Amino acid sequence: MKPSIAVPHLLCLFVMLAAAALAQGRRPIGFDDLISLSRVSDPQISPDGKWVAYTVTRYDKAKNAGDSDIWIVPVAGGTPRQLTRSEKRDNNPRWCPDSKTLAFISNREGSPQIYLLDVTSGEARKLTSISTGADGIIWCPDGKHLAFISEVYPDCRDDACNKSRNDAAEGSKVKAKIFDRLLYRHWMSWKDGKRTHLFVVSTDGSVPRDVTPGDYDAPPFSLGGPLDYAFSPDGKELCFARNTDRVEAMSTNGDLWVVPMAGGEPRKITPNPAYDGSPSYSPDGKFIAYRAQRRPGFEADRFELMLYDRDSNTSRSLTSALDRSVGGISWAPDSKTVFFVAGDEGYSSIFKTGAGGGSPIRVLEKSFNDDVQVSPDGKLLVFTRQSALRPIEIFRADADGQNVLPLTAVNSTVLDKLEIGAVESVRYEGVAGAKVHAWIVKPPRFDPGRKWPAIVLVHGGPQSAWNDNFSYRWNYHMFASRGYVVFAPNPRGSTGFGQQFTDEISGDWGGKVFEDIMKGVDHLAKLPYVDSTRISAAGASYGGYMVNWFQGHTDRFKCLVSHDGVYNTVSMFGSTEELWFPDWEFKGKPWTNPELYARWSPSSFVKHFKTPMLLIHGELDYRVPVAEGFQLFTALQLMKVPSKFLYFPDEGHWVLKPQNSELWYKTVLDWIDQWTK
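Small disclaimer: the values here were computed from a predicted structure and weren't measured.

Undergrad: Which residues make up the confidence of the model for the protein chain, and what are the values?
TA: On average, residues of the protein chain score 95 in pLDDT, and 96% of them reach the 70 mark or higher. Per-residue pLDDT stays below 50 along residues 1–22; that stretch engages in one contact with residues further than four places along the chain or on separate chains.

Undergrad: Summarise the environment of Phe514; cite the residues concerned and give the values.
TA: Inspection of the secondary structure puts Phe514 in helix H7 (residues 512–525). Spatially, the C-alpha atoms of Phe514 and Pro208 are 52 Å apart, while their sequence positions differ by 306 residues. Once residues within four sequence positions are removed from consideration, Phe514 is found in contact with Met546, Trp549, Phe550, His553 and Thr554.

Undergrad: Could you give an account of the packing of H7 against helix H8 (residues 542–553), with specific residues and numbers?
TA: Describing two packed helices takes the angle between their axes plus the distance from one axis to the other. Closest axis-to-axis distance for the H7/H8 pair is 11 Å, and the angle between their directions is 80°. In terms of orientation, H7 lies roughly perpendicular with respect to H8. From H7, Val513, Phe514, Ile517 and Met518 reach across to H8, where they touch Tyr542, Met546, Trp549, Phe550 and His553. A per-class count over the contact of H7 with H8 returns eight nonpolar, one polar and no charged.

Undergrad: Run through helix H3 (residues 159–171), naming residues and quoting values.
TA: Over its 13 residues, H3 extends 18 Å from the first C-alpha to the last, a length consistent with the 18 Å expected when each residue adds 1.5 Å. For H3, the N-terminal cap is Asp158; the gap from its side-chain oxygen to the backbone nitrogen of Ala160 is 3.3 Å.

Undergrad: I'd love a proper account of the sheet that holds strand E16 (residues 237–242), names of residues and values included.
TA: The strand order across the open sheet built from four strands is E15-E16-E17-E18, with neighbouring strands paired in antiparallel fashion. What marks the edges here is a single partner per strand, and that holds for strand E15 (229–231) and strand E18 (267–268). With six bridges joining them, E16 and strand E17 (residues 255–260) adopt antiparallel strand pairing. If you follow Ala241 over to E17, its bridge partner there is Leu256.

Undergrad: How would you sum up the state of the cysteines? Please name residues and give values.
TA: Counting across every chain of the model gives one disulfide. Free of any disulfide, Cys239 has its nearest cysteine sulfur in Cys140, 14 Å distant. Judged by its relative accessible area of 0%, Cys239 falls in the buried class.

Undergrad: Mind laying out the sheet that holds strand E9 (residues 135–139), listing which residues take part and the relevant values?
TA: One open sheet accounts for four strands, arranged E9-E10-E13-E14; its pairing is antiparallel. With one partner strand each, in any of the chains shown, E9 and strand E14 (209–210) form the two edges of the open sheet. Where E9 and strand E10 (residues 145–152) come together, three bridges link them in antiparallel fashion. What sits directly across from Trp139, in E10, is Leu146.

Undergrad: How would you summarise the pattern of salt bridges if you had to cite specific residues and measurements?
TA: Summed over the entire model, instances satisfying the criterion amount to 40 salt bridges. With a shortest N-O distance of 3.6 Å, Arg302 and Glu304 are connected by a salt bridge. Residue classification places Arg302 among the buried positions, given a relative accessible area of 15%. One salt bridge connects Arg623 with Glu577, and the closest N-O pair in it is separated by 2.8 Å. A residue pair is termed long-range when its members are at least 10 positions apart, and Arg623 in the loop between strand E37 (613–618) and helix H12 (627–638) and Glu577 in the loop between helix H9 (569–575) and helix H10 (580–585) qualify at 46 residues. On the accessibility criterion, Arg623 (15% relative accessible area) is buried. Taken together, the salt bridges that share partners define one network made up of Arg181, Lys191, Arg195, Asp215, Asp217 and Glu248.

Undergrad: Help me get a handle on empty space enclosed by the protein, residues and values and all.
TA: Counted under the stated rule, the structure contains four cavities of 30 Å³ or more. In this structure, the largest cavity occupies an estimated 40 Å³ of space. Asn548, Ser562, Asp564, Gly565, Tyr567, Leu615, Ile616, His617, Glu628, Gly629 and Leu632 are the residues that line the largest cavity. Mapped onto the lining of the largest cavity, the elements with two or more residues apiece are E37 and H12. Looking at the lining of the largest cavity residue by residue, the classes come out as four nonpolar, five polar and two charged.

Undergrad: Could you give an account of the pairing of strand E19 (residues 276–281), naming the residues involved and the relevant values?
TA: Of all the six residues making up E19, six are buried; the element is thus mostly covered by neighbouring parts of the structure. Connecting the antiparallel pair E19 and strand E20 (residues 287–292) is a turn made up of five residues, with Gly285 showing a positive phi of about 80°.

Undergrad: A description of the layout of surface pockets should follow, citing residues and the corresponding values.
TA: Within this model, the second largest pocket holds a volume of roughly 240 Å³. Around the second largest pocket, the lining comprises 16 residues; the ones closest to its centre are Arg157, Asp158, Asp159, Phe199 and Asp210. When contributions to the lining of the second largest pocket are tallied by element, the ones reaching two or more residues are H3 and strand E13 (195–202). By residue class, the composition of the lining of the second largest pocket is nine nonpolar, three polar and four charged.

Undergrad: Give a detailed account of the side chain of Ser348, specifying residues and quantitative values.
TA: Summarising the element assignment, Ser348 is placed in strand E25 (residues 347–354). If sequence neighbours within four positions are ignored, Ser348 has contacts with Val341, Ala342, Gly343, Ser367, Phe368 and Asn369.

Undergrad: Can you break down H8 residue by residue, with the values?
TA: Compared with the 16 Å implied by 1.5 Å per residue over twelve residues, the 16 Å span of H8 between its first and last C-alpha is a close match. Residues of H8 that are buried include every one of Tyr542, Gly543, Gly544, Tyr545, Met546, Val547, Asn548, Trp549, Phe550, Gln551 and Gly552, and no others.

What counts and how
- Residues numbered from 1 in each chain as written.
- Predicted model: local features only at pLDDT ≥ 70, side-chain atom pairs only at ≥ 80, totals over all residues.
- Heavy atoms only, no water.
- pLDDT = per-residue confidence, 0-100.
- Contact = heavy atoms within 4.5 Å.
- Helix = DSSP H or I, 4+ residues; strand = E, 2+ residues; numbered from the N terminus.
- Axes fitted to C-alpha atoms, helices over the stretch in contact; angles between N-to-C directions.
- Parallel < 35°, antiparallel > 145°, perpendicular 65-115°, else oblique.
- Nonpolar A, V, L, I, M, F, W, Y, C, P; charged D, E, K, R; others polar.
- Expected span 1.5 Å × (residues − 1).
- Polar contact = N/O pair within 3.5 Å; in protein donor to acceptor, adjacent residues only side chain to side chain.
- Pairing = 2+ DSSP bridges.
- Disulfide = S-S within 2.5 Å.
- Buried < 20%, exposed > 50% of the residue type's maximum accessible area, 1.4 Å probe, protein only.
- Salt bridge = Lys/Arg side-chain N within 4 Å of Asp/Glu carboxyl O.
- 1 Å grid on protein atoms, 1.4 Å probe; cavity = no way out; pocket = protein on both sides within 12 Å on 5 of 7 lines; lining within 4 Å.
- Points joined across faces, edges and corners; volume = space filled by probe spheres on them.

Next comes the structure, spelled out in structure tokens:
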């Protein structure tokens, strides 16, 4: 008699065989896969609670550019619907209070302007034609006005003046620039005497009105994060952030101001000498929630959630007991609860706290969430979620964090064809017994019986972190797919692990953080599947600095990759734009604290350079100017260290153009292959 096979065992066998066959049909991620992934952003719940509008951006490698469109999806779940189809960028969707119209920004006819779209008919009309362009729109609760920002000449009283000045500059054969104060350029563009101002425009298409005139930026420059302006619920005033300090290059200050919609002078409501911004009115109009820092000059200080009482003109902290830095804010409709996001040990958690006080509570944790919004009935949260394994999608959950459901799955078709290596969260012992966090990403088709080469990635900031998120510029899996174990540590200076841990890098750039990383390398080298003789290291910005520091302080790595890294701390101070940063990090200026600048400058240790090194830098990088890379390359060549320089004349601190990004990944991975395989 033949033995029988139990049905559950047979089912397991079929599942295992099917999974193996599926895995065999999948491929490791390549650049064409990475660039083909759609990028979801900016979810916005309609005031009637029925829809979520959002932006989907797609990149075309052949065109070397991207375009974005506006989509909507039912909050209850269902099939998403595309609303715009231009070949340019349509983004920043914002619902009119009647839920029938969406305002958005588009450059379909040249400069970015505001368009209004009837959600039912799909018809869009252009609202603004301001020569300096429009961005960052919000609706007034009356449904008849919108606010937006634009870059203007502060001494121009109308758009004709701005247009004349811009046309003259563009048409002149003389491209020289004259400036007489600091912060004359920022990030990757020149200021040219312009300021960001806040405008209000009526839906009838009247001429936009500048409500923040003067020689100040309102709001101050930001690379992202919550908007720094908001309408009051009754539509009678605007609250906005502005920095009026005399030397902006040395100041992280930002104060909240309010200006009447009927006209009048702005009034400052926060006297704090550090940052105040991201205002959000409570639905009942009694409070303004906002984010604030306590230490002037320190851009990585903890952001606290503050509450400004409009009757008493006083502020108090709602998160003084929470050792996390607050991000985006969203009020519950009853004005009693505030939801917010915060970096949280390699993740981004959603918290809630009562406006009346009490300790903040984690609503969603151990996942990377952002862009949280509360539904008009207060029962649901809508937010974005991503992980190291999957790009951003939009999700919905109950207000208590239960019943999490995806509303979009934009990239499922591409991801189903890819084999992505496993991601593991680990802890190891750093300096002084600190428990340092790190991510380990394994190659696809990982065999634990093999010895794999490894790459140590060092994050920038330095006050930043490697998180459980999906990056396009430093994607874990693009490294792992070439057959490497990726090790991404969060040493001293990393955010999300308490403010003291973040603080402990300032004034100590090559100290405890270096030891934390090297102890992580010890941990990595002891893993049974890692070849300890074939470990490389790569990093950008501060990560590039640390790789430059490795060059003079260790021979543990087979090769190094430094992207936009600080090499000479003195020349960096004199050429960067945000001077508050080195002033804080090195406890003064090169002429007031020369010893610390010399101590932590990789340029002080050239005589020890010997590890093969790839350098990458962009001409338009004004944060860490390109001369830092040139100086380092000169030193390497004269020391006869094998070295190569990848120079981008059309990129800044980040490499953003698709074909440049492809060259970046190829050059970096080929270099590491050359020395470790």
